[in-house]
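Here are the chains, one letter per residue:
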Amino acid sequence: MTDAAIVVSNLRVVRGGAVVLPGLSLEIARGRVTGLLGPSGCGKTTLMRAIVGVQIVAGGTISVLGEPAGSRQLRSRVGYVTQAPSVYGDLTVRENLGYFGRILRAGPGAVDRAIETVGLAGFGDRRVGNLSGGQLARVSLATALLNEPEVLVLDEPTVGLDPVLRRDLWKTFRVLASGGATLLVSSHVMDEAERCDELVLMREGRALATGTPAELLQRTGAPSIEGAFLSLIDSAAEATR
Amino acid sequence: MNANNTAATAIRVLGQLRRDPRTIALLLLVPVVLEVLMKLVFYHQDRVFQRVGVPLLGIFPLTSMFLVTSITMLRERTSGTLERLMTMPVGKLDLLLGYGLGFASLAVVQGVIVSLVAFGVLDLQVAGPKWAVVALAALNATLGTAMGLFVSAFATTEFQAVQFMPMFLFPQMLLCGLIAPRDQMMRGLELLSDVLPMTYAYDALVRVSADGALERKLVLDVVILFGAALLALGLGAATLRRRTG
Ligand SMILES: Nc1ncnc2c1ncn2[C@@H]1O[C@H](COP(=O)(O)OP(=O)(O)O)[C@@H](O)[C@H]1O
Ligand SMILES: [Mg+2]
């Protein structure tokens, strides 16, 4: 598959003495929105950290856009939004984005565009520390949009947001993907599955299944992605019996 | 190294401080208050005030900058912003130099204010040039910044970070010559004081206040203080990890 933006093979990660990813292999398609779904604690964040190159890995390889994950050339081509909003609470929205924008060499107007995209127009001069949780998450997201990276790794970007806003953000993700960007978006709620082009269902550090939502439904005969997930767990349990 | 990243970081750090006027007020006023207190404590023994007043002009700013920077850097680590920056095109030394530059510029203001009060109001006398005292105060504050950045690597909570102040700085204050002349200390302690940066801060300030000649030994002190600040920044950068567990 030459179409993969991210290729993970035999990735092994140990955190705090426990094996979190025992040997994960998967590919993330270029120019598509891939949902990384799985229950809390299954290793989504760990996988994303490995992809953006901030996780110590015990084995295996990851290539992103043909380069080893975490290499210097990737630092302006890959955007990462951490699960907990990572912005400076004592600065305003605009000051936060201005700082990251300078580091990312974002072009003029990038800050205003990013603020607009995440629906925070009018909040530019508000102190980030005084914003609500959802607004905070959007400032954090806007940071990753500043330099229009080729790969966007978003860790639970829509959790806790108002449904209207969630819909709008998914529209934004779609626009970015149609512009050629590759998006990897994690979630622990299955109802976001249908918005993705591709899915990776993850459990206990392993990829249970990958494919389009339609493929997964068809393969399992389940009425919903949640059902497909359960049926995949059951058949995996049977296989090991 | 990249000047754009360093400057951006310095401006950002100062922007954060600007939003916290109380911290700025404390940073600028606490050394002044302490210096005034010293004057009052030794009101009837002006010789003692004249002896310790100048060295303290350097040691107070060093201490306060050490504390503020170690906490600020710890916040950067724990808030996730450092992790995010580590995925971006920015060098570790760029970040630390940015911090150093931001706080050092505040340190200059701090040094000027406390010196103005000491010389103008408290009647502190120096044989050497007064600007040299101000410059040394600022240099010491910069050293405090660099050491604060370094030790913050060893703290995982703010409670731990504040404990590093008594742990790293109090022994240096005891050994630098301020409390007892170094050559009258136990040999082991004297040798230990030889490798502690505050010893050179004290020595430099005493030289300026006592004989006043800007001679070679003083230049050596300044070089050592600069070197210690750069070393601390370098070690700080080495403790920043792009990849963590
Ligand atoms: N800093 C850490 N140190 C040790 N173990 C960790 C750390 N962070 C997460 N873990 C463990 O790694 C596993 C996977 O966590 P994570 O990748 O955060 O899962 P998810 O994002 O899917 O909720 C969990 O068992 C969690 O307890
Ligand atoms: Mg997570």
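Everything below is about the structure shown above.
Thresholds, definitions, all that
- Residues numbered from 1 in each chain as written.
- Chains lettered and ligands numbered in written order.
- Predicted model: local features only at pLDDT ≥ 70, side-chain atom pairs only at ≥ 80, totals over all residues.
- Heavy atoms only, no water.
- Helix = DSSP H or I, 4+ residues; strand = E, 2+ residues; numbered from the N terminus.
- Buried < 20%, exposed > 50% of the residue type's maximum accessible area, 1.4 Å probe, protein only.
- Contact = heavy atoms within 4.5 Å.
- Donors = N, O, S within 2.8 Å, 3.2 Å for Na, K, Ca; no water.
- Expected span 1.5 Å × (residues − 1).
- Polar contact = N/O pair within 3.5 Å; in protein donor to acceptor, adjacent residues only side chain to side chain.
- Salt bridge = Lys/Arg side-chain N within 4 Å of Asp/Glu carboxyl O.

Trainee: Sorry if this is basic, but what is going on with the side chain of Thr182 of chain A here?
Mentor: Residues and elements named next belong to chain A. Relative to the elements of secondary structure, Thr182 occurs in strand E8 (residues 182-187). Owing to a relative accessible area of 2%, Thr182 belongs among the buried residues under this scheme. In contact with Thr182, not counting residues within four places along its chain, are Ala5, Ile28, Ala29, Arg30, Gly31, Arg32, Glu150, Val151 and Leu152.

Trainee: Sorry if this is basic, but what is going on with the coordination of the magnesium ion (ligand 2) here?
Mentor: Around a metal, the perfect tetrahedron of four donors has angles of 109.5 degrees, and the perfect octahedron of six donors has angles of 90 or 180 degrees. All names here are of chain A. Around the magnesium ion (ligand 2), the protein supplies Thr45 (OG1) and Gln83 (OE1) as donor atoms, at distances of 2.0 to 2.1 Å. With Thr45 in helix H1 (residues 44-52) and Gln83 in the loop between strand E6 (78-81) and helix H2 (93-103), this residue pair connects regions lying 38 residues apart in the sequence. Here Thr45 falls in the partly exposed class, since its relative accessible area comes to 23%. Taking the relative accessible area as the measure of exposure, Gln83 reaches 43% and is therefore partly exposed.

Trainee: Whenever I open this one, helix H1 (residues 3-18) of chain B confuses me. Can you help?
Mentor: Side chains of residues three or four places apart in an α-helix project in the same direction, reflecting 3.6 residues per turn. Helix length check: H1 of chain B, at 16 residues, gives a terminal C-alpha distance of 22 Å against a target of 22 Å (1.5 Å per residue), a fit within 8%. Among all positions in H1 of chain B, only Asn5, Thr6, Ala8, Thr9, Ala10, Arg12, Val13, Gly15, Gln16 and Leu17 of chain B are buried. Turning to H1 of chain B, the residues buried within the fold contact H2 of chain A together with helix H2 (21-41), helix H3 (46-78), helix H4 (81-86) and helix H5 (92-120) of chain B. Capping of H1 of chain B at its N-terminal end is provided by Asn2 of chain B; its side-chain oxygen lies 2.8 Å from the backbone amide nitrogen of Asn4 of chain B.

Trainee: Help me understand the pattern of salt bridges, please; the structure alone is not making it clear to me.
Mentor: Where charged atoms from two side chains of opposite charge approach closely, those side chains can pair. All names here are of chain B. Under the definition given, this model contains 20 salt bridges over all chains. Two residues, Asp194 and Arg182, come together in a salt bridge whose shortest N-O distance is 2.8 Å. Of the two residues, Asp194 sits in helix H8 (residues 187-194) while Arg182 sits in the loop between helix H7 (158-175) and H8, which places them twelve residues apart along the sequence. A residue is classified by how much of its surface remains accessible, and Arg182, at 24% relative accessible area, is partly exposed.

Everything listed is a geometric property; what it means functionally is a separate question.
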